[in-house]
Amino acid sequence: MLTATEKQILRTKLEKYEGKVNYMYLDSKGYVTVGVGHLINSVADAQKLAFITPKSLPASATDIKADYDTVKKQPANRLASFYKKHAKLTLPNAEVDKLTNKHIDSFEKELRLIYSGFDAFPSEVKLALFDLIFNLGMPNLKNKWPMFNAAIKAKDWQKAAYNSSRTAPISAERNKYVKDLLEKAAKTAQSRNPKI
């Protein structure tokens, strides 16, 4: 279970690296997204969210469909700000935070399934794993990162750090953040158990 402090750090870092966008936009792969990297698979999924109009009234299903369809037609892989002029509706910050919290809870369960000792991992390792699963998704993290996962399961945080880098469009800064977390955990573990 994440502590309140860990959740706050995680939320802050996810907002920094994923962005926090209150209107629909397309992610780098062309998927309609909102908030902190929340994928909206369909118009029906969009209509389940509490979007509001420019007059702060609840958006109708028709309004939401119009925004979704308009944004979906735009070119992909632009800055989120590019889509602002195509989206009339916004999702209030409280609703964005609810979505982010749901993701955190869901990913915590998935991380426990992948890594049996997850709850006992150092805080830095948990934060690194959350950043990875948020970006990669459970299937990719579980199945496409064998050297990294072997290192995590062996609690070899240094080796995990070495194998933690993701490819573009992930920034060098975000990769460094994850690597630094794992290296810090490695140094702490080494200082507690120095080799004789």
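Structure: see above.
Every chain is numbered on its own, with residues counted from 1 as its sequence reads. With the structure being a predicted model, the display of local features is reserved for residues of pLDDT at least 70 and the display and counting of side-chain atom pairs for 80 or more, all residues being used for whole-chain, interface and lining totals. Note that water and hydrogens are dropped before the side-chain values are worked out from all heavy atoms of the structure.

S.K.: Help me understand the packing of aromatic side chains, please; the structure alone is not making it clear to me.
M.R.: How two aromatic rings sit relative to each other is set out by the distance from centre to centre and by the angle between their planes. Pairing of aromatic side chains requires ring centres within 6.5 Å, counting the rings of Phe and Tyr and the six-membered ring of Trp. Pairs whose planes differ by under 30 degrees are stacked, by over 60 edge-to-face, and all others tilted. Scanning the entire structure with this criterion turns up 8 aromatic pairs. Here F118 and F121 contribute two aromatic rings whose centre-to-centre distance is 6.1 Å and whose plane-to-plane angle is 70°, an arrangement assigned as edge-to-face. Grouping residues by exposure puts F118 and F121 together as buried. Ring geometry for W145 and F148: centres 5.8 Å apart, planes at 85°, overall edge-to-face. Joined through ring pairs, the aromatic side chains of Y115, F118, F121, F130 and W157 make up one cluster. When the ring centre of F82 is taken as origin, the NZ or CZ atom of R78, which lies over that ring, is 4.8 Å away. Across from the ring centre of F118, 6.0 Å away, lies the NZ or CZ of K126, which sits over that ring. For each residue, the accessible area found with a 1.4 Å probe, counting protein chains only, is set against the maximum for its type, and the residue is called buried under 20%, exposed over 50%, and partly exposed in between. In this analysis the charged atom, NZ for Lys or CZ for Arg, is taken to sit over a ring once it is within 6 Å of the ring centre and within 35 degrees of the ring normal.

S.K.: For this particular structure, what's the right way to read the packing of helix α5 (residues 123–136) against helix α9 (residues 172–192)?
M.R.: Helices that pack against each other are described as a pair by the angle of their axes relative to one another and the distance between those axes. Two elements in contact, α5 and α9, have axes separated by 8 Å at closest approach and are oriented at 150°. When the axes of α5 and α9 are compared, the pair comes out roughly antiparallel. Relative to α9, α5 is oriented so that their crossing is left-handed. Taken together, the residues of α9 that come into contact with α5 (itself represented by E124, V125, L127, A128, D131, L132 and N135) are R174, Y177, V178, L181, L182, K184 and A185. Three residue categories are used. Nonpolar comprises Ala, Val, Leu, Ile, Met, Phe, Trp, Tyr, Cys and Pro, charged comprises Asp, Glu, Lys and Arg, and polar comprises the others, including Gly. For the contact of α5 with α9, a count of residues per class yields 9 nonpolar, 1 polar and 4 charged. Interaxial angle, 0 to 180 degrees, is taken between N-to-C directions of lines fitted to C-alpha atoms, where a helix line uses only the stretch in contact. Put simply, DSSP H or I for four residues or longer makes a helix, DSSP E for two residues or longer makes a strand, and each gets a number counted from the N terminus. In these notes the angle categories are as follows: under 35 degrees is roughly parallel, over 145 is roughly antiparallel, 65 to 115 is roughly perpendicular, and the rest is oblique. By definition, any crossing whose near helix is turned counterclockwise from its far helix by less than a right angle is left-handed, and any crossing with a clockwise turn is right-handed. Pairs of residues are marked as contacts when any of their non-hydrogen atoms sit within 4.5 Å.

S.K.: Is there a simple way to think about the sheet that holds strand β1 (residues 21–26) in this case?
M.R.: Here, strands pair whenever DSSP counts at least two bridges between them. What the 3 strands build is an open sheet, ordered β1-β2-β3; its pairing is antiparallel. One side of each edge strand has no neighbouring strand; the edge strands of this open sheet are β1 and β3 (38–39). Looking at chain direction, β1 and strand β2 (residues 32–35) are connected through 3 bridges and run antiparallel. Bridging from a neighbouring strand, Y25 pairs with T33 of β2. Strands in contact with helix α3 (residues 61–72) are β1 and β2; relative to β1, the strand with the most contacts, it is inclined by about 50°.

Taken by themselves, the reported measurements are silent on function.
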